[in-house]
Amino acid sequence: MIPLYWYLLLAALIFCIGLFGVITRRNSVGILISIELMLNAANINLLAFWRYLYAETGDLRGQVFVIIIFVVAAAEAAVGLAMIISAYRQKQTVVANEIDTMKG
Amino acid sequence: MTLTVAQMTLAIMPELLMIVLAGVLIVISIINRDKCKQVLGCITAGGMILAIVSAFLFAMPKAEPILMWGGMLRLDSVTFVFRLIFLFGAAVTAIFSCTEETIRCRPEFYMMLVFSTLGMSLMAASCDLIMLFLAIETASIPLYVMAGIKVKEEKSVEAGLKYFLFGGMSSAIMVYGFSLIYGFSGTTQLFDIAQGVIAQQVPLAGVVVAVVLVLAGFAFKISAAPFHFWAPDVYEGAPTSVTGFLSTASKAAGFAALIRVLMILFDANSAEVWQALIAALAVASMFTGNLVAIPQKNIKRLLAYSSIAQAGYILVGLTSHSTLGVSGAIYYLMAYLVTNLALFAIVGWIGRKTGSDSLAAYAGLSKRSPGLALAMLIGLLSLGGIPPFGGFFAKLLVFGAAVESGWAWLAIVGVINSVIGLYYYLRVLKIMYVDEPAENTPLKVKEPLWLIGLILCLVLVTVMGVVLAPWFGISNWAAIGF
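Residues numbered from 1 in each chain as written. Chains lettered and ligands numbered in written order. Predicted model: local features only at pLDDT ≥ 70, side-chain atom pairs only at ≥ 80, totals over all residues.

I'm lost on the overall build of chain B in this one. Help?
From N to C terminus, chain B includes 21 helices and two strands. For 482 residues, the compact-globule estimate of 2.2 N^0.38 gives 23 Å, and chain B sits close to it at 21 Å. Expressed along its principal axes, the backbone C-alpha trace of chain B runs to roughly 70 × 55 × 40 Å. In chain B, buried positions account for 61% of the 482 residues. (Helix = DSSP H or I, 4+ residues; strand = E, 2+ residues; numbered from the N terminus. Rg over C-alpha atoms; globule rule 2.2 N^0.38 Å. Buried ≥ 20, exposed ≤ 12 C-beta atoms within 10 Å, placed from the backbone.)

The structure is reproduced here in structure tokens:
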């Protein structure tokens, strides 16, 4: 069986890719995708920990947590896309660097 | 001692009432959205007051704190006091929103306000990582929408988008930290985590990584440096009544959850893991907030940086990890709530009358409207920590607690920063009282409701600075409950 550490490494890698994406991407939609990646990294972590360490006890917290994160991610994406559309209507762009009326 | 389902339902009666209130607002938004003046704000504020009454009637904490709903929520004095703080903040915000033409006829705005308050109230009550995450998102997602609700204004849209992107990132970082904590301890119940981590023999490095990730998420919520980048832009762009709510209730909710997590996860012996981190956050926030506030020319940006600095002062209270420190932090949050709500109410009103948020619009305000200038004076002096206003005792308590538990250098840094802060608060006062106004037309307040809200806040600011005992009693009661 694949050891737990591989899953944790995969999650850490995806988390770092997501964080890197949030910091470097200039497109709002790209940033949103990166945020979703980070949330999914947390999901992989939770499921791997649950399956390898805590599944025998019959405790379902890990799975419940993952489902809650799904729901929140969906809500967040819905609100986020709405905000991006409303910004696009104002500025005709979704590039974060060009949405910069306020500075200082 | 356990509670029956009926008792548990009564214990969350204020939250249930908020859901009903949100439902009423949804129905109103379907039936009628044009013929309204101040009705919606009054309904929201009335509902909030009803929720406060129901909290006193049904949801009073028992002598011993009790876990309920399967360990998700806790019925204790912390939950109770913070719930009142959020409900009061939301009610006052609803009243102030009545005067903003662009949002006062939009039921969905008030609905978002109610849902956000509901999330904050659950944040203060939750004792489980799953519930905590859900509550934080319930509080945050409506706030993103509220910041960007003026879809015809470039700045508001931009504020909403920025707040959403930074907020989404920080909650993703925090939930990754939560996932590590779950992995290390095998449980999500806050009270069992410490034991779980010891039982699994997790290396200290792993715990530190998880704590840093979670702290980063919370630091965003309370806008502490270096996670404050969103604050000035969002505060400036969001509708001013939303800014007031964001800078007070949202910050208080972040602190409530942060204090809960830190106090439960770490006992007095293992507090060093986070004390240095919190102290570093406090110092960074105080200096960044105060120094960058000095050259600001926009009053909302100035207050945003000031609010970053205030987060630093509250963190000083937290660092001491003592009952006095925590009750000082709660006292600070209460004083800060009424002060900043009043200040942003005035800023919003003047912004509507003069069409500008720049400091230049405040020149000679004392000649155009002596009353508002006096109100502004009270608010700014309270933020600066001058007696006889609430901010004075708040600062005294947090710095005193820091000295008491051996963090004297942190208290000294705090006092130095208070002096820097006083410089730019007094600069605003100088502009208001000494400078000549650009035009001499007097400004008259014609909104009685708005005035009542403002006077209520100002009276509380003054009372909190004159009579210490009852307010300190409340915050101390809450601090013991953690």
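How should the overall build of chain A be read in this particular structure?
A tally of regular secondary structure across chain A gives three helices and zero strands. Reading chain A from its N end, one meets helices and strands in the order α-α-α. Relative to the 2.2 N^0.38 estimate, which gives 13 Å for 104 residues, the radius of gyration of chain A is 17 Å and therefore markedly larger than a compact globule would have. Counting only C-alpha atoms and orienting by the principal axes, one finds that chain A spans roughly 55 × 25 × 25 Å. Going through the 104 residues of chain A one by one, you find that 32% of them count as buried. Contacts spanning at least 24 positions in sequence make up 49% of the contacts within chain A whose residues lie at least 6 apart. (Contact = placed C-beta atoms within 7 Å.)

Quick question: what am I supposed to make of the packing of helix H2 (residues 28–54) of chain A against helix H3 (residues 61–91) of chain A here?
Packed helix pairs are characterised by how far apart their axes lie and by the angle those axes make with each other. All names here are of chain A. Two elements in contact, H2 and H3, have axes whose closest approach is 10 Å; the angle formed by their N-to-C orientations is 175 degrees. The orientation of H2 with respect to H3, classified from their angle, is roughly antiparallel. Every residue of H3 that contacts H2 at Ser28, Val29, Leu32, Glu36, Leu39, Ala42, Asn43, Leu46, Leu47, Phe49, Trp50 and Tyr54 is listed here: Gly62, Gln63, Phe65, Val66, Ile69, Ala73, Ala77, Gly80 and Ile84. Residue classes in the contact of H2 with H3 are distributed as 15 nonpolar, five polar and one charged. (Axes fitted to C-alpha atoms, helices over the stretch in contact; angles between N-to-C directions. Parallel < 35°, antiparallel > 145°, perpendicular 65-115°, else oblique. Nonpolar A, V, L, I, M, F, W, Y, C, P; charged D, E, K, R; others polar.)

What should I look at first to understand the environment of Leu215 of chain B in this one?
Residue and element names in this part refer to chain B. Checked against the element boundaries, Leu215 lands in helix H10 (residues 204–221). Its 22 C-beta neighbours within 10 Å are what place Leu215 among the buried residues. Put simply, Leu215 and Leu258 are 43 residues apart on the chain and 8.0 Å apart in space, counted from C-alpha to C-alpha. Leu215 has contacts with Trp274 and Leu277, leaving out every residue within four places of it along the chain.

Can you help me understand helix H2 (residues 13–31) of chain B in this one?
Helical periodicity: at 3.6 residues per turn, an α-helix aligns residues three or four positions apart in one direction. Residues and elements named next belong to chain B. With 19 residues, H2 ought to run about 27 Å at 1.5 Å a step, and its terminal C-alpha atoms sit 27 Å apart, in line with that. Restricting attention to buried positions, one finds in H2 the residues Pro14, Glu15, Leu17, Met18, Leu21, Ala22 and Leu25. An end-on view of H2 places all buried positions within 155 degrees of arc, on one side of the element. Residues Gly23, Val27, Ile30 and Ile31 are exposed on H2 and point more than 90 degrees away from its buried face. Next to the buried residues of H2 lie helix H3 (39–58), helix H4 (77–97) and helix H6 (107–125). (Expected span 1.5 Å × (residues − 1). Arc of directions from axis to C-beta.)

Quick question: what am I supposed to make of the interface of chain A and chain B here?
A common way to express how large an interface is: the accessible area buried when the components associate. The partner chain B presents 36 residues to the 34 residues of chain A that form the contact. By residue number, the principal contributor to the side of chain A that touches chain B is H3 of chain A, which donates 16 residues. For the side of chain A that touches chain B, the per-class residue count stands at 24 nonpolar, eight polar and two charged.

Before we go on, may I ask you to explain the confidence of the model for chain B in this structure?
For residues with low pLDDT, the predicted coordinates do not support detailed interpretation. Residues and elements named next belong to chain B. On average, chain B scores 91 in pLDDT, and the residues at 70 or more come to 98%. Here helix H5 (residues 101–104) is the element of chain B with the lowest mean pLDDT, 81, and helix H7 (residues 129–147) is the one with the highest, 95. Interface confidence for the predicted complex, given as ipTM, is 0.95, next to a pTM of 0.94. (pLDDT = per-residue confidence, 0-100.)

Can you help me understand helix H13 (residues 272–293) of chain B in this one?
When the terminal C-alpha atoms of H13 of chain B are compared, their 32 Å separation across 22 residues agrees well with the 32 Å that a helix rising 1.5 Å per residue should span. Of all the positions in H13 of chain B, only Trp274, Ile278, Ala279, Leu281, Ala282, Val283, Ser285, Met286, Gly289, Asn290, Val292 and Ala293 of chain B are classed as buried.

Which parts of the structure should I look at to understand the environment of Ser116 of chain B?
Looking at the element boundaries, Ser116 of chain B is found in helix H6. Through-space distance from the C-alpha of Ser116 of chain B to that of Gly160 of chain B is 15 Å; in sequence the pair is 44 residues apart.

Hey, could you run me through the packing of H6 of chain B against H7 of chain B in this one?
Residues and elements named next belong to chain B. Relative orientation of the contacting elements H6 and H7 amounts to 155 degrees, with a least axis distance of 8 Å. It follows that H6 is roughly antiparallel to H7 by the angle criterion. At the point where H6 passes H7, the crossing takes the left-handed sense. Of the residues in H7, those touching H6 at Phe109, Met112, Leu113, Phe115, Ser116, Leu118, Gly119, Met120, Leu122 and Met123 are Met131, Leu132, Ala135, Ile136, Thr138, Ala139, Pro142, Leu143, Val145 and Met146. Looking at the contact of H6 with H7 residue by residue, the class counts come to 17 nonpolar, three polar and no charged. (Left-handed = near helix turned anticlockwise from the far one by under 90°.)

For this particular structure, what's the right way to read the nonpolar core?
Buried together is how nonpolar side chains tend to be arranged in soluble globular proteins. Residue and element names in this part refer to chain B. Met123, Leu333, Ala342 and Val398 are the most contacted members of the largest nonpolar core, which has 214 residues in total. The element that contributes the greatest number of residues to this core is helix H15 (residues 323–354), accounting for 20 residues. Sequence-distant contacts of Ala342, that is, excluding residues within four places in its chain, are made with Ala375, Gly379, Leu454, Cys457, Leu458 and Val461. (Core = buried A, V, L, I, M, F, W, Y, C linked by C-beta atoms within 7 Å.)

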